[in-house]
Amino acid sequence: MTGTQEPESVSTKRQRLARLGEAFPQRSFISLGHYLDLEWMEEAYRRTRKSGAVGIDGQTASAYEADLEENLRSLLERVKSGNYRAPPVRRTYIPKGDGKLRTMLQQRVRDGVLTRLIGKWLNAGVMEAGQLWHSDLGTPQGGVISPLLANIYLHEVLDEWVAREVQPRLQGGVRLVRYADDAVLVLRNRRDAERLMAVLPQRYGRYGLTLHPDKTRLLRFKPAADARERESFQFLGFTHVWGRSRRGRWVIKRKTAKDRFRRTLKRVSQWCQKHRHRRVPEQHAYLSAALRGHFAYFGIRGNAAALGRLRYQAERIWIKWLRRRSQRHRLPWERARELLKRFPLPAARLAPHATIPLASL
């Protein structure tokens, strides 16, 4: 005897579930509720973004955290007993097809506790302009479960379909890269690509989905000596285009997309304007954290120039709103430079990760 067995960690449970799913791809799981325990709830709370807007009940993350263990115990008890009531969200619906999302879930998950809970989230309704709306279609945009359910839905609509039905019919093969509802399909043969583009809208339409008319296109993504002939596309916030490496080789270069760059600076400006009367160390701490987060995602090889421009513009925006704190006491540039030396924003550095998914295409 080696003593009492230590309880499984959340990470161990997830790994075991993943291995079971891979080992038995046709199996439906009818008993999963026992995995949902207090430790799992605590891990879920830790991973939940706390800076989002409050829900319909008006409860903030800090208020919930004040008595976190008791609140999670109460929530877990209501979930398992069936007494939990999902609150409505404040946004609009993204159509996902006539009830087929619940059919797809039941292909792999038949545990009553979980399917009942998911059903309550789907039927919670949407609060818009003071009115509560219910629909039989889709998942509520803004709901915590919506991204996960949309990912499950598209796994069947696109991922499995490409692997099961499209790939065997192509001459040159296909590579699919998808993150949430954004996807890139890479094909070697132009005729294959044209055939796929012809049937893709029909495939999506069968499940109540449509392709974005401005973001869906067929392009010839190949190197070209004339820069004007090189096509580019945006994916996951990056603009992808062919270019020459320092050694003269053709490589795919990635830089921050212009719309994402402008959006980031706009948010920085709005925050600085709204909080310009807060203490400078507090402003510095927030802006530093925001820039580090941006650099952690966009800090890939070849994108250093865009990171440097963003830092430079963020500095200028910060100083601009600090100078407008008072009409009587303007902040001269000499003092502004001294302030930036005392409270420097983080340097634009590349993140330790190698690159994003399209690196090996």
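Computed from a predicted model, the values in this text were never measured in an experiment.

1. Looking at the overall build of the chain
Within the chain, the secondary structure is distributed over 12 helices and nine strands. Here the chain, with 361 residues, has 33% of them falling under the buried criterion. In the chain, of all internal contacts separated by at least 6 residues, the share reaching a separation of at least 24 is 62%.

2. Let's talk about the sheet that holds strand S9 (residues 250-256)
Strands pair in a sheet through their backbones, by hydrogen bonds, and they do so in one of two ways: parallel or antiparallel. Strand order in the open sheet formed by three strands is S7-S8-S9, with antiparallel pairing between adjacent strands. Of all the strands in the sheet, just strand S7 (232-235) and S9 have a single pairing partner and so form its edges. The sheet shows a mean angle of 35° between the axes of neighbouring strands, taken without regard to direction. With four bridges connecting them, S7 and strand S8 (residues 238-244) associate as antiparallel partners. Bridge pairing in S8 links Phe235 to Phe238.

3. Some remarks on the packing of aromatic side chains
Evaluated as defined, the whole model comprises eight aromatic pairs. Their ring planes at 25° and their centres at 6.0 Å tell us that Tyr45 and Tyr64 sit as a pair that is stacked. Of this pair, Tyr45 sits in helix H2 (residues 38-47) while Tyr64 sits in helix H3 (residues 61-65), placing them 19 residues apart in sequence. Given a relative accessible area of 17%, Tyr64 falls into the buried group. When the centroid spacing of 5.7 Å and the interplanar angle of 35° are considered together, the rings of Phe221 and Trp242 count as tilted.

4. Some points on unusual backbone geometry
If you check the backbone angles, Ala180 has positive phi at about 55° while not being a glycine. Tracing the backbone shows Ala180 in the loop between strand S5 (174-179) and strand S6 (182-187). Phi is positive for Leu236, close to 60°, though the residue is something other than glycine. Mapped onto the secondary structure, Leu236 falls in the loop between S7 and S8.

5. Some remarks on the nonpolar core
One finds Cys272, Leu287, Trp318, Ile319, Leu322 and Leu339 to be the most contacted residues of the largest nonpolar core, which totals 26 residues. When contributions to this core are tallied by element, the ones reaching two or more residues are helix H9 (258-274), helix H10 (280-298), helix H11 (304-323) and helix H12 (333-342). With eight residues, the top contributor of residues to this core is H11. Ranked by size, the runner-up nonpolar core spans 16 residues in total, among them Leu154, Leu158, Val166 and Leu187.

6. With respect to the packing of H9 against H10
Viewed as axis vectors pointing N to C, H9 and H10 meet at an angle of 170°, and their least axial separation amounts to 11 Å. One finds that H9 runs roughly antiparallel with respect to H10. Residues Arg260, Thr264, Val268, Trp271 and Cys272 of H9 touch H10, and the partners they reach there are Gln283, Tyr286, Leu287, His294 and Phe298. Residues that form the contact of H9 with H10 fall into these classes: six nonpolar, three polar and one charged.

7. Quick notes on the confidence of the model for the chain
When pLDDT is averaged along the chain, the result is 80; 76% of the residues meet or exceed 70. In the model, residues 1-6 has pLDDT below 50 throughout and makes zero contacts with residues more than four positions away in sequence or in other chains.

8. Some remarks on H10
Structural remark: α-helix, 3.6 residues per turn; residues separated by three or four positions point the same way. A rise of 1.5 Å per residue sets the reference length of H10, with its 19 residues, at 27 Å; its end C-alpha atoms lie 26 Å apart and thus fit the reference within 8%. Within the sequence span of H10, burial applies to Val280, Gln283, His284, Leu287, Ser288, Leu291, His294, Phe295 and Phe298. The buried residues of H10 occupy an angular sector of 130° when projected down its axis, which confines them to one face. Where H10 is buried, its residues contact S8, S9, H9, H11 and H12.

9. Regarding a positive patch on the surface
On the surface, a cluster of positive charge is made up of Lys255, Lys258, Arg262 and Arg309. By secondary structure assignment, the location of Lys255 is in strand S9. Take Lys255: its relative accessible area is 43%, and that puts it in the partly exposed class.

10. Brief notes about the packing of helix H7 (residues 146-166) against helix H8 (residues 190-206)
A pair of packed helices can be characterised by two numbers: the angle between their axes and the separation between those axes. Direction vectors running N to C along H7 and H8 enclose 140°, while the axes themselves pass 11 Å from each other. Of the possible angle classes, the one that applies to H7 and H8 is oblique. Considering how the two elements wind past one another, H7 and H8 form a crossing that is right-handed. Contacts between H7 and H8 involve Leu154, Glu156, Val157, Leu158, Trp161, Arg164 and Val166 on the former and, on the latter, Leu196, Val199, Leu200, Arg203 and Tyr204. Partitioned by chemical class, the residues of the contact of H7 with H8 number nine nonpolar, no polar and three charged.

11. Considerations on the pairing of S9
Here S8 runs beside S9; their pairing, made up of seven bridges, is antiparallel. The partner of Gly243 across the bridge, within S9, is Val251. What sits between S8 and S9 in their antiparallel hairpin is a turn of five residues, with Gly248 showing a positive phi close to 85°.

Cut-offs and rules
Residues numbered from 1 in each chain as written. Predicted model: local features only at pLDDT ≥ 70, side-chain atom pairs only at ≥ 80, totals over all residues. Heavy atoms only, no water. Helix = DSSP H or I, 4+ residues; strand = E, 2+ residues; numbered from the N terminus. Buried < 20%, exposed > 50% of the residue type's maximum accessible area, 1.4 Å probe, protein only. Contact = heavy atoms within 4.5 Å. Pairing = 2+ DSSP bridges. Axes fitted to C-alpha atoms, helices over the stretch in contact; angles between N-to-C directions. Phe/Tyr/Trp six-rings, centres within 6.5 Å; stacked < 30°, edge-to-face > 60°. Core = buried A, V, L, I, M, F, W, Y, C linked by side-chain atoms within 4.5 Å. Parallel < 35°, antiparallel > 145°, perpendicular 65-115°, else oblique. Nonpolar A, V, L, I, M, F, W, Y, C, P; charged D, E, K, R; others polar. pLDDT = per-residue confidence, 0-100. Expected span 1.5 Å × (residues − 1). Arc of directions from axis to C-beta. Patch = residues over 30% accessible without salt bridge, like charges linked within 9 Å, V, L, I, M, F, W, Y side chains within 5 Å. Areas by Shrake-Rupley, 256 points an atom, 1.4 Å probe, with all protein chains shown as cover. Salt bridge = Lys/Arg side-chain N within 4 Å of Asp/Glu carboxyl O. Lys, Arg positive; Asp, Glu negative; His and termini not counted. Charge placed at Lys NZ, Arg CZ, Asp CG, Glu CD. Left-handed = near helix turned anticlockwise from the far one by under 90°.

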